[in-house]
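Close look at the chain arrangement
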Amino acid sequence: MVSKVDAFRALHRRRFPGDPLVLPGPWDAASARVCVEAGFPALATPSAGVAASLGYEDGATPADEMFAAVARVVRAVDVPVSADVEGGYGLPPKELVERLLEAGAVGCNLEDSGGGVLKDPREHADWLAQVRYAAGDRLFVNARVDVFSVGFTDPKQAAEQAIERAALYVAAGADCVYPIGAPPAVLPLLRSGIHGPINVGARLDGEGPSPTELGELGATRVTFGPGLQRRATAALREIAAQLR
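No experiment lies behind these values; they were computed from the predicted model shown. (Residues numbered from 1 in each chain as written. Predicted model: local features only at pLDDT ≥ 70, side-chain atom pairs only at ≥ 80, totals over all residues. Heavy atoms only, no water.)

With respect to the sheet that holds strand S3 (residues 81-84)
- Taken in spatial order, the 5 strands of this open sheet run S2-S3-S4-S7-S8, and their pairing is parallel. The open sheet has two edge strands with one neighbour each: strand S2 (43-45) and strand S8 (176-179). Taking each pair of neighbouring strands and ignoring which way they run, the sheet shows an average axis angle of 20 degrees.
- The pairing of S2 with S3 spans 3 bridges and is parallel. Bridge assignment links Ala44 to a residue of S3, and that residue is Ser82. (Pairing = 2+ DSSP bridges. Helix = DSSP H or I, 4+ residues; strand = E, 2+ residues; numbered from the N terminus. Axes fitted to C-alpha atoms, helices over the stretch in contact; angles between N-to-C directions.)

Written out as structure tokens, the structure reads:
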């Protein structure tokens, strides 16, 4: 029988241009069930969306509450669930892996900045290597690269830095890299310089490229961050205003 992590890993392989893996971002059990009922083969919880649902600002969710929220999503569905656990909450790699596995997650997002400052890429790569060692093949590690949102204003320069960081993270054992905030125009450059799957964020307001278009530009998988949670909140706001 194929394990959930193996099934999740397989979803990233042999993606054709224009056919990326699309992972919606549920923030609780109910939204997770909706996504699965719609036919999605896997899910990826967004830390900002979960934070909002729990009453916290993005980045302020206590670790225990984040892992508990992930566990509720996992229990609600039968598809693989990857979890955004920000920078790891200061946990040692072994404990971080144990907490993720206890929650039932098959993968995780791990970012390379903290407090609005980029981490040293080699030190971060060493830390990712420790996470990989502790996890073995039990977790799919998506290494977030924050150069487009922290530290660089020129897209081409940021892309070059992203490629350098991605090489270190992939060598450390990352299964996928996520250059968050990368403009669509630089995706072909990133695709040509990064070995392995690339996660790209998509918008839900119709202003940016569609998931299909992002796939044609080089995305292996497409996620939406807290976009779904924010759209749902906006819809609820409208309904509440009408009721009043």
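Examining the packing of aromatic side chains
- Applying the stated criterion across every chain, the model contains 2 aromatic pairs.
- Measuring from centroid to centroid gives 5.2 Å for Phe8 and Phe140, while their planes differ by 85 degrees, and the two rings are edge-to-face. With Phe8 in helix H1 (residues 4-11) and Phe140 in strand S7 (residues 140-145), the pair connects residues that are 132 residues apart, well separated along the chain.
- Overall, Phe8 belongs to the buried group, its relative accessible area being 0%.
- Overall, Phe140 belongs to the buried group, its relative accessible area being 2%.
- Both rings, one in Phe67 and one in Tyr89, keep their centres 6.0 Å apart while their planes meet at 70 degrees; by these two values the pair is edge-to-face. With a gap of 22 residues between them, Phe67 in helix H4 (residues 63-76) and Tyr89 in the loop between S3 and helix H5 (93-103) connect regions that are remote in the sequence.
- Overall, Phe67 belongs to the buried group, its relative accessible area being 4%.
- By relative accessible area, Tyr89 is classed as partly exposed at 23%.
- The ring of Trp127 is capped by Lys119, whose NZ or CZ atom sits 5.8 Å from the centre of that ring. (Phe/Tyr/Trp six-rings, centres within 6.5 Å; stacked < 30°, edge-to-face > 60°. Buried < 20%, exposed > 50% of the residue type's maximum accessible area, 1.4 Å probe, protein only. Lys NZ or Arg CZ within 6 Å of the ring centre and 35° of its normal.)

Quick word on the environment of Tyr56
- Relative to the helices and strands, Tyr56 is located in the loop between helix H3 (47-54) and H4.
- Owing to a relative accessible area of 28%, Tyr56 belongs among the partly exposed residues under this scheme.
- Along the backbone, Tyr56 and Ala105 are 49 residues apart, and their C-alpha atoms lie at a distance of 22 Å.
- Setting aside residues up to four positions removed in sequence, Tyr56 forms contacts with Ala51, Thr61, Pro62 and Glu65.
- A distance of 2.4 Å separates polar atoms of two side chains, one belonging to Tyr56 and the other to Glu65. (Contact = heavy atoms within 4.5 Å. Polar contact = N/O pair within 3.5 Å; in protein donor to acceptor, adjacent residues only side chain to side chain.)

In short, the description is geometric, and any link to function would need to be established separately.
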